[in-house]
Amino acid sequence: MARPIVPVPDPATQPFWDACNEGKLIVQYCSVCDRRQFPPEAACRDCGFNFHLTWQETSGRAKIVGYSITYDSRLVQWHPLQPFLNVIVALEEDPVINFHTNLIDDFGTNLSEEPDIPIGATCEVQFVEAEPGRMIPEWKLVK
Amino acid sequence: MAREVNWERNHDPVGIWNGRGKAALVARGHSPTDRRWDGESLDKSLGAFMMIAVQNALDDAGITIDDVDGIIGSAGGQGNGQPLSDVWGPRPYFDAPYDSEDGLTHVTGQWLRQQMGFKNLRYINNHGDPVWNLIGQASQAIADGRAEVVVVTYPNGNLPGRYHQDPSNQARGPAVWPNTWGWGLSGQGFTFNQYCQKYGTNHDRMAPFVVQERKNGLLWEHSYYAQHEPGEFTEEDYLNGRMIARDLSIFDCDRPVLAAAAYVMVSADRAKDMKQKPVYILDHTESQFSPRSLVQTIDDTEEWTDIQAQRSYNGSGLKPEDIDIFAPYDGFAVFTQYYIEAFGWRGVKRGEAHDFYAGDISLKGPNPLNSGGGNMGTGRMRTVFITDPLEQLQGRAGDRQVTTKAEVAVTHGVLPITAGTVVMSTSPD
C-alpha cells in the first residue's frame, strides 16, 4: 500500500532503511555509553563521538505509550486520510526508545469516536511498503 | 561593530548573574496588528510595521535614533527564525527599499539602519529568536559594555494562505521521522494526552485558563482580538472548538498575525535619564534540550522544564514566592501548565495546574496569571510576554494593572525543548 509521504534516506539513516527492507528493526548503539539511540545520528548524542557507534537489531516488540488523532494536518498529502491515528510505541527491551506508528491494520480509519487504544498493550513490528522498494516499520497489536 | 560572543547562560551551575541590575528595560513600541499582509500594501509590510514600532518605542523612552548604539532582533518573520520567504516565496518585488524579502517578510537591523537613519550603531545582531532570548541577549550585551542603548526588534509576519502547510510527498532529513507517519501537531496532542492520563485530568479543564486569557487580551490595545474581534469568548466556545490533533483544539493553538514590537533597553546609568521608570533585568537563562528518543514525552517535558526553572532560580537567587508577575508562554495553551508546575508559582505542584485554573486567576484576584492575555488572548506575536510584565512593573498597565504586588516578574518561553527565562524587577538589587 502506497503511503502519502515516503522517506528519502541519507547517509545517517541509510542502514536503518536498508534493514527495514530486509525485515529487521535496528537502532544505533554506543558501546561506551551503553545506550541505544533512535533516530539515527552521525554521532552518539551523549559522548559526541561515532567511534563506538554500531547498529543493533531489536526484538521489534514494543508497548503502546500514547496516541493522538490528527484531524487537520499541516501535511497536505495526509489530508485525504483524515482523521488518522498516530500511536507512539516504546521498545520492549529499552522503553526509552520510541517510534511512530499508525497501527493501520488494527484501528483503520474508524476514528469518528474515541478509539479504545490499549495503553500498555504489546505490539510487534511489521514492515509495510511505502513505495516500491521502500519498506517502513509499523506495529500491530499482539492478540 | 563588536564581535559576537557566546552570550547564553545555559550551562549549570549558572550562578548569580554578574550582570544583575546592570541593564534595564525602559520602553516599548508596537505597530498595528493585522491578520495577514496582503502582499501589496507597502505601508503594511513587516518592515513598515517594524519602523512604526521602533519609532513608538523611542518616543516612549524619550530618546532619538541618535541615542541608540545597538540593534538586536529577530530577522525572521515567523517562529524559530524561519523566514516567511522560505514558506511562501519567491514573489515579484517592488522598488527600493522593498526590492528584496528584507523589509517585506523579515527585517534586519541593517535594513532598519538604512531606512531609519541610525548613525551611531556599534552592535547589530539579527540572529536571535524568540523574544525572551533577545531580551537576554540585549541584557548581556549591555552588561558586557558592548552597547549602552539597545533597540530590540521582534517582527512577526503572516501571509495569505494556510499556515505552514507542506505539500511534499517525500520527507528528507529530520522530517522523515514525523512526516512519514503523519506526525505534526499530534506531538503536542500526544504529550498533553500523556499529561492528562498521568494526572487524571482532561482537555475541558483548560477552559477557564483560555477564557481568562481572552478576557485579559481584550484589555491590551495591541491584541489582535482587541483590534479586530472584540466579542466575548466563552467556555462554551472553547469546549466546542474543533479538534486539530487530539487533545489539542483550534482554541489551544495561537492565531498567526502580522505585527511588530520594539523595546528600548539601556544600561543602569542611562536608565536614570529615560522618560519611563526602569525595570531592571536581574537574570536571563536559556536552555536547549533533545528528546531521549524520537518523540518528546511527558517525562522529557517535565525534566526539561524543571531544569530550566531551577536554572532561573539559581541565576536570580529568587524563590517561587518572590515572583509577583508570572508570564509563562502559551503558544500552544497546553504548554503553560508545564511551566507553572515547574516554576511552582503560587505553590502549584506537578499535576495541579488544572485545579489552579479552576480557582481565581482573574486580573483583580490573588493569582493574575498571564495578565497580558498571552498568545491566546492577543495572537501569535509573543511580545505581550515582554510588554505586559514591563507595564505591570512600571505601574502603567491600565485596566490590566493587577491589584497584587508587582515588583518582580518572570517571563518564560518558548518551547519546553528550547527556552529562555527573563527575570525583571523594579529594583536593580
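Rules behind the numbers
Residues numbered from 1 in each chain as written. Chains lettered and ligands numbered in written order. Predicted model: local features only at pLDDT ≥ 70, side-chain atom pairs only at ≥ 80, totals over all residues. Heavy atoms only, no water. Helix = DSSP H or I, 4+ residues; strand = E, 2+ residues; numbered from the N terminus. Rg over C-alpha atoms; globule rule 2.2 N^0.38 Å. Buried < 20%, exposed > 50% of the residue type's maximum accessible area, 1.4 Å probe, protein only. Areas by Shrake-Rupley, 256 points an atom, 1.4 Å probe, with all protein chains shown as cover. Lys, Arg positive; Asp, Glu negative; His and termini not counted. Charge placed at Lys NZ, Arg CZ, Asp CG, Glu CD. Pairing = 2+ DSSP bridges. Axes fitted to C-alpha atoms, helices over the stretch in contact; angles between N-to-C directions. Domains from an automatic or database assignment. Contact = heavy atoms within 4.5 Å. Salt bridge = Lys/Arg side-chain N within 4 Å of Asp/Glu carboxyl O. Polar contact = N/O pair within 3.5 Å; in protein donor to acceptor, adjacent residues only side chain to side chain. Buried area = accessible area lost by both parts, 1.4 Å probe. Parallel < 35°, antiparallel > 145°, perpendicular 65-115°, else oblique. Nonpolar A, V, L, I, M, F, W, Y, C, P; charged D, E, K, R; others polar. Phe/Tyr/Trp six-rings, centres within 6.5 Å; stacked < 30°, edge-to-face > 60°. Lys NZ or Arg CZ within 6 Å of the ring centre and 35° of its normal. Core = buried A, V, L, I, M, F, W, Y, C linked by side-chain atoms within 4.5 Å.

Chemist: Please explain the overall build of chain A as it appears in this structure.
Modeler: When its secondary structure is counted, chain A shows two helices and nine strands. Listed N to C, the secondary structure of chain A is β-α-β-β-β-β-β-β-α-β-β in terms of helices and strands. For 143 residues, the compact-globule estimate of 2.2 N^0.38 gives 15 Å, and chain A sits close to it at 16 Å. Of all 143 residues assigned to chain A, the portion counted as buried reaches 49%. With an accessible surface of roughly 6,400 Å², chain A has 51% of that area assigned to carbon and sulfur atoms. Of the charged side chains in chain A, 11 are positive and 20 negative, and the gap between their average positions amounts to 3 Å.

Chemist: Is there a simple way to explain the sheet that holds strand β2 (residues 26-30) of chain A in this structure?
Modeler: Within a sheet, each strand pairs with its neighbour through backbone hydrogen bonds, oriented either parallel or antiparallel. All names here are of chain A. Spatial ordering of the open sheet is given by β3-β2-β4, a layout of three strands whose pairing is antiparallel. This sheet does not close on itself; its edge strands, each paired only once, are β3 (35-37) and β4 (53-57). Shown here is a sheet whose adjacent strand axes are inclined to one another by a mean of 40 degrees, direction ignored.

Chemist: It is not clear to me how the domain arrangement of chain A should be interpreted in this structure. Could you clarify?
Modeler: It is common to give the size of an interface as the accessible area that goes away when the parts come together. Residues and elements named next belong to chain A. Domains assigned within chain A are domain 1 (9-57) and domain 2 (59-143). Domain 1 puts 13 residues into the contact, and the matching count from domain 2 is 15 residues. At the boundary of domain 1 and domain 2, one finds one salt bridge. Put simply, R36 and D94 hold a salt bridge, and the shortest N to O gap is 3.2 Å. Connecting domain 1 to domain 2 are three residue pairs in polar contact (both at pLDDT 80 or more). For the side of domain 1 that touches domain 2, the element with the highest residue contribution is helix α1 (residues 14-21), accounting for four residues.

Chemist: What is the right way to read the interface of chain B and chain A from this model?
Modeler: At the interface, 38 residues of chain B touch 45 residues of chain A. Area buried by chain B at its contact with chain A is led by W177(B), W181(B) and R246(B), which between them contribute 22% of it. Seen at the junction of chain B and chain A, the total is one salt bridge. Between R242(B) and D72(A) there is a salt bridge, and its shortest N-O distance comes to 2.9 Å. Counting across the chain B and chain A interface gives 25 residue pairs in polar contact (both at pLDDT 80 or more). Breaking the side of chain B that touches chain A down by element, the ones donating at least two residues are β5 (170-171), α5 (176-180), α6 (186-199) and β6 (243-245) of chain B.

Chemist: How should the packing of helix α1 (residues 46-61) of chain B against helix α3 (residues 109-116) of chain B be read in this particular structure?
Modeler: Each pair of packed helices can be summarised by the angle the axes make with each other and by the distance between the axes. Residues and elements named next belong to chain B. Contact geometry for α1 and α3: axes closest at 11 Å, N-to-C directions at 70 degrees. Looking at the two axes, α1 sits roughly perpendicular to α3. Contacts between α1 and α3 involve G47, M50, M51, V54 and Q55 from the first element and W111, L112, Q115 and M116 from the second. Looking at the contact of α1 with α3 residue by residue, the class counts come to six nonpolar, three polar and no charged.

Chemist: Explain the sheet that holds strand β12 (residues 418-425) of chain B to me, please; I cannot follow it from the model alone.
Modeler: Residue and element names in this part refer to chain B. Taken in spatial order, the nine strands of this open sheet run β3-β2-β4-β8-β1-β9-β12-β11-β10, and their pairing is mixed. Since the sheet does not close on itself, it has two edges, and those belong to β3 (123-125) and β10 (325-328), each with one partner. Pairwise comparison of adjacent strand axes, ignoring direction, gives a mean angle of 25 degrees for this sheet. Sheet strands touched by α1: β1 (23-30), β4 (149-156) and β8 (259-267). Its angle to β8, the strand with the most contacts, is close to 35 degrees.

Chemist: Would you take a moment to explain the side chain of Q212(B) for this structure?
Modeler: All names here are of chain B. Mapped onto the fold, Q212 is located in helix α7 (residues 207-218). Given the relative accessible area of 12%, Q212 is considered buried. At 2.8 Å, the side chain of Q212 forms a polar contact with the side chain of N216. Not counting residues within four places of it along the chain, the set of residues in contact with Q212 comprises I361, S362 and L363.

Chemist: I tried to follow the packing of aromatic side chains on my own but got confused; where do I start?
Modeler: If you walk through the whole model with that rule in mind, you get 28 aromatic pairs over all chains. Measuring from ring centre to ring centre gives 5.3 Å for F16(A) and F38(A), while their planes differ by 40 degrees; the resulting arrangement is tilted. Here F38(A) lies in the loop between β3 and β4 and F16(A) lies in helix α1, a separation of 22 residues in the sequence. Judged on exposure class, the residue F16(A) and its partner F38(A) are both buried. With a centroid separation of 6.0 Å and an interplanar angle of 80 degrees, the aromatic rings of W345(B) and F356(B) are classed as edge-to-face. Of this pair, W345(B) sits in the loop between α12 (335-343) and α13 (353-358) while F356(B) sits in helix α13; the two residues are 11 residues apart in sequence, bridging distant segments of the chain. Of the two residues examined, W345(B) and F356(B), each falls in the buried class. Three or more aromatic residues link up through ring pairs in this structure, and these residues are F16(A), W17(A), F38(A), F99(A), W139(A) and W177(B). It is R214(B) that lies over the ring of F233(B); its NZ or CZ is 4.2 Å from the centre.

Chemist: What am I meant to see in the nonpolar core here?
Modeler: What tends to happen in soluble globular proteins is that the nonpolar side chains get buried as a cluster. Residue and element names in this part refer to chain B. Core analysis: the biggest nonpolar cluster contains 82 residues, and L25, I135, Y357, L369 and M424 have the highest contact counts within it. A per-element tally of this core places helix α4 (residues 131-143) first, with eight residues. When sequence neighbours within four positions are dropped, the list of residues in contact with L369 reads F209, N216, F326, P328, I340, W345, F356, Y357 and I361.

Chemist: For this particular structure, what's the right way to read the environment of G29(B)?
Modeler: Residue and element names in this part refer to chain B. Tracing the backbone through its elements, the reader meets G29 in strand β1. Given a relative accessible area of 2%, G29 falls into the buried group. For the pair formed by G29 and D129, sequence separation is 100 residues and the distance between their alpha carbons is 18 Å. Excluding residues that lie within four positions of it along the chain, G29 makes contacts with A53, N56, A57, A260, A261 and A262.

Chemist: Is there a simple way to think about the side chain of N179(B) in this case?
Modeler: By the element assignment, N179(B) lies in helix α5. Overall, N179(B) belongs to the buried group, its relative accessible area being 3%. With residues up to four places along the chain from it excluded, the contact list for N179(B) reads I5(A), R74(A), L75(A), W78(A), D166(B) and A171(B).

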